[in-house]
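# Report on the structure
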Amino acid sequence: MSMRISSVIAFSLLLTACDNRPDNEILAEAEQNAADQALDDGKIECAINGESDYTRGCETERLAGEDGVTMIIRHPDGGFRRFNVLTDGRGLEAADGFDKAKVSIVEDGKIMVVVGTDKYLIPAKIKSDAKSETAAADEPVQAGK
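The following refers to the structure shown. (Residues numbered from 1 in each chain as written. Predicted model: local features only at pLDDT ≥ 70, side-chain atom pairs only at ≥ 80, totals over all residues. Heavy atoms only, no water.)

### Here's the deal with the environment of Val69
Inspection of the secondary structure assignment puts Val69 in strand S3 (residues 68–74). Sequence separation between Val69 and Leu86 is 17 residues; the distance between their C-alpha atoms is 7.9 Å. (Helix = DSSP H or I, 4+ residues; strand = E, 2+ residues; numbered from the N terminus.)

The following block contains the structure:
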């Protein structure tokens with residue numbers, strides 16, 4: 001009798017589970033929202049001090065001032081780099097230090113910024129004509145978030 005009652009309970013639980021299946025559209029929307037939030041959390045992929053593997057460990061911060069917008073990228077080890085966000089089509093430039101920032105498009109909506117031995121993959125809005133200019137020359141392109 002005990003076996004029969006447990007079988008009925010298990011069968012009821014299975015039926016209940018089938019009726020409460022999550023909607024795939026809702027799951028897809030939740031996954032997209034989580035991905036969008038991850039992009040908006042200020043963290044970017046970086047490879048610091050000559051590392052070859054990228055991690056999502058650097059954090060970005062934007063500060064607006066009289067001289068324009070400054071982007072600060074904070075490293076997991078406590079170090080940081082400052083960049084001036086340019087509006088003349090060149091993208092970013094290193095705000096301090098003697099190393100110049102090299103900016104290149106790596107894929108739609110993402111640029112790579114290299115300064116010294118540090119590399120950053122940054123989401124960016126890229127002008128459509130900037131892609132052809134970058135293919136022709138190794139010049140930095142307009143970037144912004």
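### Section: the nonpolar core
With 17 residues, the main nonpolar core has Cys58, Ile73, Phe83, Val113, Tyr120 and Ile122 as its most contacted residues. Every element with two or more residues in this core is listed here: strand S1 (43–47), S3, strand S4 (80–85), strand S7 (110–115) and strand S8 (118–123). A total of three residues in this core trace back to one element, the largest contributor, which is S7. Apart from the residues lying within four places of it in its own chain, the contact partners of Ile73 are Ile44, Cys58, Glu59, Thr60, Gly79, Phe80, Arg81, Phe83, Tyr120 and Ile122. (Core = buried A, V, L, I, M, F, W, Y, C linked by side-chain atoms within 4.5 Å. Buried < 20%, exposed > 50% of the residue type's maximum accessible area, 1.4 Å probe, protein only. Contact = heavy atoms within 4.5 Å.)

### Focus: the state of the cysteines
With the rule as written, the count across this model stands at one disulfide. Each disulfide pairs two cysteine sulfurs, and for Cys46 the partner residue is Cys58, the sulfurs being separated by 2.1 Å. The sign of the 90° torsion about the S-S bond sets the Cys46-Cys58 disulfide as right-handed. Remark: Cys58 occurs in strand S2 (residues 55–65) and Cys46 occurs in strand S1; sequence separation between them is twelve residues. The same class applies to Cys46 and to Cys58, which are both buried. (Disulfide = S-S within 2.5 Å.)

### Let's talk about the sheet that holds S8
The eight strands lie next to each other as S5-S4-S3-S2-S1-S8-S7-S6, forming an open sheet whose pairing is antiparallel. Both outer strands of the open sheet, strand S5 (92–94) and strand S6 (102–107), are each paired with one neighbouring strand and no more. Put simply, the sheet's adjacent strands are angled 35° from each other on average, direction ignored. Examined bridge by bridge, S7 and S8 share six bridges and lie antiparallel to one another. The partner of Lys110 across the bridge, within S8, is Pro123. (Pairing = 2+ DSSP bridges. Axes fitted to C-alpha atoms, helices over the stretch in contact; angles between N-to-C directions.)

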